[in-house]
Amino acid sequence: MKLWSGRFAKDTDALVNELNASISFDQRLYKEDIQGSLAHAKMLGDCGIISPEDAAAITEGLNGILRDIEAGKVEFTADNEDIHMNIEALLTARIGDAGKRLHTARSRNDQVALDFRMYVRREIPVVTGQLLKLEKVLCKQARQYQSAVMPGYTHLQRAQPISFAQHLMAYAQMFARDVTRLEDCQKRLNECPLGSGALAGTTYPINRAQTAADLGFDGPMSNSLDGVSDRDYALELLSGLSILMMHLSRFAEEVILWCSWEFKFIELDDAYATGSSIMPQKKNPDVAELVRGKTGRVYGDLMGLLTVMKGLPLAYNKDMQEDKEPVFDALDTVEMCIPVFAAMLDTMTVRTDNMRAAAGKGFINATDCADYLTKKGMPFRDAYTATGRLVAECTAKGKTLEELTLAELKEVSNLFGTDVYEALKLENCMALRGSCGGPAVSETRRQIEAVEAFVQSREKE
C-alpha cells in the first residue's frame, strides 16, 4: 500500500507506477536522506513535537538502516516509489508507530530538496579535488619544459614563439577558474530548505535554525516556496561542469593534434592509447577523443534541466523529479574524465625537438623583426610593412628571416645591423617576452608558483 493511498479508492496503474517511481536512480541519495531525517527527528524531539522515546527509536532505527544499506542487506522496491518512502517504510516496519511520526512537520518536497542539495554539496569537493590533482600534473610538466620553444598559434596558424610551459599554464588558469566557480556554487547552495514543508511551512513549532546548523548549513532558506522549488544550485553546478568539460575538450583537441604525425609534439603512453583492429601501425588518442565526446553529454545534461525548469510555476511540480538524473550523469562523467586525463598528461612523452623544428618555420619571429626596427627608431606601422616585405621575399626564396643575409635585409632598411640575428633567434624572442603573463622563464616560473600556491591553499582547508 502506498504511504499516500488514503485519498485514493483504486490502485495506481502499473504503467503509472513505472513512470512515477524514481528509486532506480535516487537511491544514491540514501545517506543524505537518512542524515536529514536524523536531524529532523532530533529537532522534533527537542521541540516537544514528538516524545523523546519516539525520537530515540527513530534515531536508532535510521542508524540501523544506514548500516544495513552500506552492508548490502537492503533491497529497495519501486512499490515505494523513491528513496524517501523506501526508508520510511523500512523504518516503520522496524520500529512501528514511532516510524510513522518521523514525517511530522515535513513534506517530501522539502525532504527531496534537502537531500539533493546535500548531495551536490558533497560532490563538489570531489570534483575540485580532482581538478587540484590535475593542476599539480600541469605544474610538474610545466616546470620541466620552461625553456622548450614551441609555436604559439592563432587561427591554427603559427604565430609567435612561446614555451610549452606557458601553454600548459594557460590551461592551469582555466582549471583554477573552474575550481573557484564550483566553490562559489557551493557557497550559494549552503542554505537549508528543510522546514519549508510542501510549500507553505508548517503549523508545528519547529526550529529550522537547529536543523540547518546540525546539517552544516549557514542557515535556513528564507522563503518556503523557494525552498522547495529552487534548483538553481543544480543548474549552476551543471553550468560549471559544462565549462569545465569545455576546457578539457579544448585541451583534448590539442592533445589529438599533437599526437598526429603532422605535429608529433607528444606521444602518449601505451596505457592511455588504443590500437586499430585492422591497421597495425595505429596508436589512437582515444582518451582525449572520449573526453572531447563526453563534453557534449554534459552540455546535454545542462540543457535538459534548463528545459525542465523553464516553464514551472511555483512551487513544486513533479517535472522536478527530472532534476537528478542529469546531475548524476554529469557528475559521473566529469569524475571519470578528470583523473584519466590527468594521468594521460602525466605519462606523455614530450617531443621538444619537433616543437622547436615547427617553431623554426612559419616566420613566428616576424613580430620580433618589426619590434627590432621599431626599437631602432622606425614607426611600428612602417616596421610592420618592411617586415612583411621580408617575409614575402623569404617565401619566394624558400628562406627563413634569420637566413637572409645582412645585405638582403638592408635592401629593405639600413637600420638592420648584425645584432638582428640575435633578435631573431627564437630562444631570445621567447626570453625577451617577460611582460606579465608571457613565455619568458621568469614569467612562467611565477605562473607555476602561483598555481602551486592556489592548490596548496585549497589543500590546507
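Heads up: these notes are all about the structure in this document.

Calculation rules
Residues numbered from 1 in each chain as written. Predicted model: local features only at pLDDT ≥ 70, side-chain atom pairs only at ≥ 80, totals over all residues. Heavy atoms only, no water. Helix = DSSP H or I, 4+ residues; strand = E, 2+ residues; numbered from the N terminus. Rg over C-alpha atoms; globule rule 2.2 N^0.38 Å. Buried < 20%, exposed > 50% of the residue type's maximum accessible area, 1.4 Å probe, protein only. Contact = heavy atoms within 4.5 Å. Areas by Shrake-Rupley, 256 points an atom, 1.4 Å probe, with all protein chains shown as cover. Pairing = 2+ DSSP bridges. Salt bridge = Lys/Arg side-chain N within 4 Å of Asp/Glu carboxyl O. Axes fitted to C-alpha atoms, helices over the stretch in contact; angles between N-to-C directions. Parallel < 35°, antiparallel > 145°, perpendicular 65-115°, else oblique. Left-handed = near helix turned anticlockwise from the far one by under 90°. Nonpolar A, V, L, I, M, F, W, Y, C, P; charged D, E, K, R; others polar. Core = buried A, V, L, I, M, F, W, Y, C linked by side-chain atoms within 4.5 Å. Patch = residues over 30% accessible without salt bridge, like charges linked within 9 Å, V, L, I, M, F, W, Y side chains within 5 Å. Lys, Arg positive; Asp, Glu negative; His and termini not counted. Charge placed at Lys NZ, Arg CZ, Asp CG, Glu CD. Phe/Tyr/Trp six-rings, centres within 6.5 Å; stacked < 30°, edge-to-face > 60°. Lys NZ or Arg CZ within 6 Å of the ring centre and 35° of its normal. Polar contact = N/O pair within 3.5 Å; in protein donor to acceptor, adjacent residues only side chain to side chain.

### A closer look at the overall build of the protein chain
Move 1: Helix and strand counts for the protein chain stand at 20 helices and 4 strands.
Move 2: Scaling as 2.2 N^0.38, a compact globule of 461 residues should have a C-alpha radius of gyration of about 23 Å, whereas the protein chain reaches 31 Å, well beyond that.
Move 3: Looking at the protein chain residue by residue over its 461 residues, the buried ones come to 50%.
Move 4: In the protein chain, the proportion of contacts linking residues at least 24 apart, taken out of those at least 6 apart, comes to 76%.
Move 5: Accessible surface computed for the protein chain: about 21,800 Å², of which carbon and sulfur atoms make up 53%.

### Some words on the pairing of strand E1 (residues 149-154)
Move 1: In this structure, E1 lies alongside strand E2 (residues 157-163), joined through 6 bridges in antiparallel fashion. Its bridge partner being in E2, Tyr153 is matched across the sheet by Arg158.
Move 2: Two successive antiparallel strands, E1 and E2, enclose a turn made up of 2 residues, where His155 displays a positive phi of approximately 55°.

### Quick look at the pattern of salt bridges
Move 1: What the rule picks out here adds up to 31 salt bridges.
Move 2: Among the salt bridges present, the one from Arg122 reaches Glu32, with a minimum N-O distance of 2.5 Å. Of this pair, Arg122 sits in helix H7 (residues 108-144) while Glu32 sits in helix H3 (residues 30-46), and the two are 90 residues apart along the sequence.
Move 3: The salt bridge partner of Arg458 is Glu183, with a shortest N-O separation of 2.9 Å. Residue Arg458 is found in helix H20 (residues 441-459), and its partner Glu183 is found in helix H8 (residues 164-189); the two are separated by 275 residues along the sequence.
Move 4: Residue Arg458 is classed as partly exposed on the basis of its relative accessible area of 22%.
Move 5: Salt bridges sharing common partners tie together Glu267, Asp270, Lys283 and Arg351.

### So, the packing of H3 against H7
Move 1: For the pair H3 and H7, the least separation of the axes is 9 Å and the interaxial angle reads 120°. As summarised for this structure, H3 and H7 are arranged oblique, according to the angle between their axes. You can see that H3 and H7 cross each other, and the crossing is right-handed. Together, Glu32, Asp33, Gln35, Gly36 and Ser37 of H3 and Gln111, Leu114, Asp115, Met118, Tyr119 and Arg122 of H7 make up the contact between the two elements.
Move 2: Taken together, the residues that form the contact of H3 with H7 break down as 3 nonpolar, 4 polar and 4 charged.

### Digging into the nonpolar core
Move 1: Counting residues in each nonpolar core, the largest one holds 97 residues, and the members touching the most others are Leu138, Phe164, Leu241, Leu248, Phe251 and Leu345.
Move 2: A per-element tally of this core places helix H11 (residues 232-259) first, with 15 residues.
Move 3: If near-sequence neighbours (up to four positions away) are discounted, Phe164 is found in contact with Tyr145, Ala148, Met150, Trp258, Met348, Val350 and Met355.

### With respect to a negative patch on the surface
Move 1: Taken together, the side chains of Glu191, Asp218, Asp226 and Asp232 make up a negatively charged region of the molecular surface.
Move 2: Among the secondary structure elements, Asp226 is positioned in helix H10 (residues 224-229).

### Focus on the packing of H11 against helix H13 (residues 324-347)
Move 1: Contact geometry for H11 and H13: axes closest at 10 Å, N-to-C directions at 30°. By the angle between their directions, the pair H11 and H13 is classed as roughly parallel. Crossing hand, H11 versus H13: left-handed. Across from Ala234, Leu237, Leu238, Leu241, Leu244, Met245, Leu248, Phe251, Ala252 and Val255 in H11, the residues of H13 making contact are Pro326, Val327, Ala330, Leu331, Val334, Cys337, Ile338, Phe341, Met344 and Leu345.
Move 2: Looking at the contact of H11 with H13, its residues break down into 20 nonpolar, no polar and no charged.

### Focus on the side chain of Gln210
Move 1: Here Gln210 is to be found in helix H9 (residues 208-214).
Move 2: What Gln210 contacts, discounting residues up to four positions off in sequence, is Lys42, Met43 and Asp46.

### Points about the packing of aromatic side chains
Two aromatic rings are characterised by how far apart their centres lie and by the angle between their planes.
Move 1: Here the structure, examined in full by the defined rule, presents 11 aromatic pairs.
Move 2: Ring geometry for Tyr153 against Phe263: centres 6.1 Å apart, planes inclined by 50°, an arrangement best described as tilted. Of this pair, Tyr153 sits in strand E1 while Phe263 sits in the loop between H11 and strand E3 (266-267), and the two are 110 residues apart along the sequence.
Move 3: With centroids separated by 5.4 Å and ring planes inclined at 85°, the aromatic side chains of Phe263 and Phe265 adopt a geometry described as edge-to-face.
Move 4: Grouping aromatic residues by their ring pairs yields a cluster made of Phe116, Tyr119, Tyr233 and Phe328.
Move 5: We note Lys264 situated over the ring of Trp261; from NZ or CZ to the ring centre the distance is 4.4 Å.
Move 6: Here the guanidinium or amino end of Arg381 rests over the ring plane of Tyr384, the centre of that ring lying 5.0 Å away.

### Points about the environment of Ser442
Move 1: Within the secondary structure, Ser442 sits in helix H20.
Move 2: Sequence separation of Ser442 and Leu432 is 10 residues, and the distance between their C-alpha atoms is 10 Å.

### Some words on the side chain of Ser224
Move 1: Along the chain, the position of Ser224 falls in helix H10.
Move 2: One polar contact links the side chain of Ser224 to the main-chain carbonyl oxygen of Leu199, over a distance of 2.7 Å.
Move 3: In this structure Ser224 touches Ser196, Leu199, Ala200 and Gly201, once residues within four positions along its chain are discounted.

### Notes on unusual backbone geometry
Glycine aside, residues mostly have negative phi angles, and peptide bonds mostly take the trans form.
Move 1: Cis peptide bonds are those with omega within 30 degrees of zero, and the linkage from Leu314 to Ala315 qualifies with 5°.
Move 2: For Ala315, the position within the fold is in the loop between helix H12 (286-309) and H13.
Move 3: Notably, Glu81 is not glycine yet its phi reads approximately 70°, a positive angle.
Move 4: Here Glu81 is to be found in the loop between helix H4 (52-70) and helix H5 (83-95).
Move 5: The phi angle at His155 is positive, at roughly 55°, despite the residue not being glycine.
Move 6: Along the chain, His155 falls in the loop between E1 and E2.
Move 7: Of the residues examined, His155 reaches a relative accessible area of 78% and is grouped as exposed.

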